[in-house]
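# Close look at the chain arrangement
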Amino acid sequence: MMQLAKKVPFEDPQVLMLVRGCYILSNVLILALHLWTQLKINQKKGMSRAPTIPTNTNHNPDMTTLKYVEPAPMGSTEEPKPVTTTNMDYDKGQLRQSIRSQLMGVGMMGVMHLYMKYTNPLLIQSIIPLKGALESNLVKIHVFGKPATGDLARPFKAGGGFMSAGQPKSDKASIESAEKNWRGGVKEE
């Protein structure tokens, strides 16, 4: 993509407007995909409210309890934080984080393009975030209907990167240890 971006004649106003249009279209498609995913998540919530015979078992897999240990932020002295939520709430949180990340990317691209006059990243940022959104775990589960097992099991594994703090842990020993050591519990005096 970098090689292709170097060969595009951005000096031509028509080409520049076309690339800007592609960037805007890409971000509109990503937003639509996020909203569609949110709609699918909320529809599953509606299914759990259907009148049924009361039982102690939970038939909606999106309302099952999810316990995991969130790693401490990189470089901090905080302890890992235990989290108890439902699959649906976890998915909603992940979706909010994804939307926030996309908006920050658009803001940074706006500064780079409008203020600093960079044009090459427009083409690259039209394709890579769209590909990432289509390959996200939430889209695979809720839009494409894949089962939430294996790599798609919650909590999702964080992508390895420079600033990644670590992977969330969902094994019983890690959860019990974090619940015992977490400072958010009852204070002893």
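Residues numbered from 1 in each chain as written. Predicted model: local features only at pLDDT ≥ 70, side-chain atom pairs only at ≥ 80, totals over all residues. Heavy atoms only, no water.

### Quick look at the overall build of the protein chain
Our working rule: Helix and strand assignments come from DSSP, with helices taken as H or I runs of at least 4 residues and strands as E runs of at least 2, each series counted from the N terminus. For the exposure calls, accessible area comes from a 1.4 Å probe over protein chains only, and a residue counts as buried if that area is under 20% of its type's maximum, exposed if over 50%, partly exposed in between. The contact criterion used is simple: two residues touch if any of their non-hydrogen atoms lie within 4.5 Å. Only the protein chains shown count as covering a residue, and every accessible area follows the Shrake-Rupley method with a 1.4 Å probe.
Within the protein chain, the regular secondary structure consists of 6 helices and 2 strands. Put simply, the protein chain runs from its N terminus to its C terminus through helices and strands in the order α-α-β-β-α-α-α-α. By residue count, 28% of the 189 residues in the protein chain fall in the buried class. Pairs at least 24 residues apart make up 63% of the contacts formed inside the protein chain by residues separated by at least 6 positions. As presented, the protein chain carries roughly 13200 Å² of accessible surface, and 61% of it is formed by carbon and sulfur atoms.

### Digging into the packing of helix H3 (residues 87–115) against helix H4 (residues 120–134)
Convention followed: Orientation is described by axes fitted as lines to C-alpha atoms, over the contacting stretch for helices, and by angles from 0 to 180 degrees between their N-to-C directions. With respect to orientation, any angle under 35 degrees is reported as roughly parallel, any angle over 145 as roughly antiparallel, any angle of 65 to 115 as roughly perpendicular, and every other angle as oblique. Nonpolar residues are Ala, Val, Leu, Ile, Met, Phe, Trp, Tyr, Cys and Pro. Charged residues are Asp, Glu, Lys and Arg, and all others, Gly as well, are polar.
Interaxial distance between H3 and H4 falls to 11 Å at its minimum, and their mutual angle equals 170°. The angle between H3 and H4 places the two elements in the roughly antiparallel class. Of the residues in H4, those in contact with Gln102, Met109, Met112 and His113 of H3 are Pro121, Leu122, Gln125 and Pro129. Looking at the contact of H3 with H4, its residues break down into 5 nonpolar, 3 polar and no charged.

### What about the confidence of the model for the protein chain?
Formally: The predictor rates its confidence in each residue with pLDDT, a number between 0 and 100.
Per-residue confidence for the protein chain gives a mean pLDDT of 83, with 84% of residues at or over 70. When pLDDT is averaged over each element of the protein chain, helix H5 (residues 137–143) comes out on top at 95 and helix H6 (residues 172–181) at the bottom at 76. Low pLDDT, under 50, characterises residues 52–58; the stretch is placed with 2 contacts to residues that sit more than four places away or in other chains.

### Examining unusual backbone geometry
Here the bond from arginine 154 into proline 155 is cis, since omega is -5°, no more than 30 degrees from zero. Its identity is not glycine, yet lysine 117 carries a phi of approximately 65°, on the positive side. Relative to the helices and strands, lysine 117 resides in the loop between H3 and H4. Lysine 117 gets classed as exposed once you look at its relative accessible area, which sits at 63%.

### Regarding the pattern of salt bridges
The line we're drawing: The term salt bridge refers to a side-chain nitrogen of Lys or Arg lying within 4 Å of a carboxyl oxygen of Asp or Glu.
Per the counting criterion, the structure on display carries 2 salt bridges. Residue arginine 154 is joined to aspartate 91 by a salt bridge in which the shortest nitrogen-to-oxygen separation is 2.7 Å. Residue arginine 154 is located in the loop between H5 and H6, and its partner aspartate 91 is located in helix H3; the two are separated by 63 residues in the primary sequence. Between lysine 131 and glutamate 135 there is a salt bridge, with its nearest N and O atoms 3.3 Å apart. A relative accessible area of 48% places lysine 131 in the partly exposed class. The class of glutamate 135 is partly exposed, set by a relative accessible area of 43%.

### With respect to the environment of histidine 34
We apply this condition: Within 3.5 Å is the distance limit for a polar contact, defined as a pair of N or O atoms, with the added protein rule that one can donate a hydrogen and the other accept it, and that residues adjacent in sequence qualify only through two side-chain atoms.
On the secondary structure map, histidine 34 appears in helix H2 (residues 13–47). What makes histidine 34 buried here is its relative accessible area of 5%. Between the C-alpha atom of histidine 34 and that of isoleucine 99, which follows or precedes it by 65 residues, the distance is 7.1 Å. Excluding residues that lie within four positions of it along the chain, histidine 34 makes contacts with Leu95, Ser98 and Ile99. Among the polar contacts listed, one links the side chain of histidine 34 to the side chain of serine 98, at a separation of 3.4 Å.

### Focus: H6
So the rule is basically this: This arc is taken over the directions from the axis of the helix to the C-beta atoms.
Residues of H6 that are buried include every one of Ser174, Ile175 and Ala178, and no others. Each buried residue of H6 lies within a common arc of 100° when the element is viewed along its axis, so the set occupies one face. Every exposed residue of H6 that faces more than 90 degrees away from the buried side is listed here: Lys172, Ala173 and Lys180. Buried positions along H6 lie against strand E1 (65–70) and strand E2 (81–86).

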